[in-house]
Amino acid sequence: MAMAIAAASMSKSSFFPCSAFDLSSDRYTRTGDSPPRSRKDFVFVVNPKGANGRTGREWKKLLPYLQERLGPQCNICQSITLGRYHAVDITREAIRGGADAVVAVGGDGTLHEVVNGFFWEGNPVLANDQGPDHSTTLGLIPLGTGSDFARTLGWRNDPCEAVERIVEGIRSKIDVGVLTANSGEKHFFINVADIHLSAKAGYYASKYKTFGKLCYVIGALKAFIGHDNLDMKIKVDEGGWELCHKVTALCIGNAKYFGGGMKITPTANPTSGAFEVVILQDFKWYDFVFKLHKLYRGTHLSEPNVCTRSVKSIEVVEVTGKGDVYVQSDGEHLGFLPAKCTILPAAIEFFR
Ligand SMILES: Nc1ncnc2c1ncn2[C@@H]1O[C@H](COP(=O)(O)OP(=O)(O)OP(=O)(O)O)[C@@H](O)[C@H]1O
C-alpha cells in the first residue's frame, strides 16, 4: 500500500529500518525489525507542490512503475515534503539512518534542498550505524518547472527514464559548490550560483511560479525595473582583488543551465572539479533583446561584453557597498553581496 510519510513524524530510531515505509513488497511488516541489508534502502523525497502540483500528480502515476522496477531489489520509502526546507531535514535524517540513496523528486529547488541535506554545519552528514565505507547516493527524478540540472546531464523529460537510471545504478562523483553568505552561513549548490540582475530576476520569478515557465519572463521584466550595472571586485582562487566594471550579472556554474533553460555557463561540468564563471558586463536592455537567443544556445561567450574563466573559488564584493545586490544559488534567493563560492570536488555520489 502506498503511504505518504511526512518526515516530521519520523523519529531517528524509526526511520530505518524502513519497513514501516516499505512500498516495494510485503516481505517486511511493521515490526521495526531490521530488514536484511542485502536490500538497499532508497528514500524518495517528493515535493507535491513542485511545478504547480504536477510533481505530486506525476509521482502518483509513477509509483507503480517504480515499485515494479526497483521494488524487487530495494526498500522504497517515500517522504512527502510539507513545506520549504523540509526536504533538507528529511535527507539528513535519511542519511543518518543509513539510507543507501536519497532521490529528489521535483524541480531544482527540491534538488537544492536535498543536496543541502547531505551537509550539516558545513560538513558531510554521516550514517550513524554504518561502517566508514558506507555512502548515500543522490538521485533525481526531475519533475519541476525548469529542471535545469537535468538539462546539463542531457536527460530527456521522461520520469520513467529517470527510474531506469536508478535501477541501472551507474554512479559518478559530482562536485558541489559552497556559497558562504554575508552572515558566514554556508549554502551548498549543484547547479548555478549567480549575482545581480539574474539573481534578482530569479527572486521575482519564484513569486510567479503559478504562471509556469512564464515566471522567468515576468521575473526578468520586474528585475529590469531600476536595474543598474555595478562595479564589483572579485578575488579568484585566493589571488588579488580585481575590478570588474559595470557588471550586469556574474554567474558561477557547476552545471550549465539556469532560469528554465538558459545555457549561461555552457562549458561548466559538474565532474570537472572547477566552476565556469561567466560575467556579463554593461548589458543594456536591447542587448537582451538581440542576444537572448545566444544566451539560450550558450553561444554568448564570444560576445565582447562577456568574459569567462575556470575557477575553484571566487569572492565577490560590491564597490559602492549599498548591500542590495541579489545573490541566489540553484534559483533560491540567498540574500545580498558579499559572497564567496568554493568548489567541493567529487563531493557526492550521483546516479547518472
Ligand atoms: N509541501 C510544500 N508546499 C509548498 N512548497 C513546498 C512544499 N515542499 C517543497 N516546497 C517548496 O517548493 C519550491 C519549489 O519546488 P521545486 O523546485 O521542486 O519545483 P519548481 O519550482 O516547480 O521547479 P524548478 O525549481 O525546477 O523550476 C521549493 O523551494 C520547496 O522549498
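Residues numbered from 1 in each chain as written. Predicted model: local features only at pLDDT ≥ 70, side-chain atom pairs only at ≥ 80, totals over all residues. Heavy atoms only, no water.

The protein is annotated in an unreviewed UniProt entry as Sphingoid long-chain bases kinase 2, mitochondrial isoform X2 from Iris pallida.

Draft legend 1. Up close: the nonpolar core. Membership of the largest hydrophobic core comes to 30 residues, with the highest contact counts inside it found for Leu-138 and Phe-149. Every element with two or more residues in this core is listed here: strand 1 (40-46), helix 3 (86-96), strand 3 (101-106), helix 4 (108-117), strand 6 (137-142), helix 5 (148-152), strand 7 (171-180) and strand 17 (339-351). Top element by residues in this core is helix 3. It accounts for 4 residues. The residue makeup of this core includes at least three contributed by each of domain 1 (7-169) and domain 2 (180-345). Ranked by size, the runner-up nonpolar core spans 26 residues in total, among them Ala-193, Leu-230, Leu-337 and Cys-341. (Core = buried A, V, L, I, M, F, W, Y, C linked by side-chain atoms within 4.5 Å. Buried < 20%, exposed > 50% of the residue type's maximum accessible area, 1.4 Å probe, protein only. Helix = DSSP H or I, 4+ residues; strand = E, 2+ residues; numbered from the N terminus. Domains from an automatic or database assignment.)

Draft legend 2. Spatial organisation of the packing of helix 3 against helix 4. With their axes 7 Å apart at the nearest point, helix 3 and helix 4 run at an angle of 40° to one another. Classified by the interaxial angle, the pair formed by helix 3 and helix 4 is oblique. Along this stretch, helix 3 crosses helix 4, giving a crossing that reads as right-handed. Judged by residue contacts, His-86, Ala-87, Val-88, Thr-91, Arg-92 and Ile-95 of helix 3 engage Glu-113, Val-114, Asn-116 and Gly-117 from helix 4. Of the residues contributing to the contact of helix 3 with helix 4, the split by class is 4 nonpolar, 4 polar and 2 charged. (Axes fitted to C-alpha atoms, helices over the stretch in contact; angles between N-to-C directions. Parallel < 35°, antiparallel > 145°, perpendicular 65-115°, else oblique. Left-handed = near helix turned anticlockwise from the far one by under 90°. Contact = heavy atoms within 4.5 Å. Nonpolar A, V, L, I, M, F, W, Y, C, P; charged D, E, K, R; others polar.)

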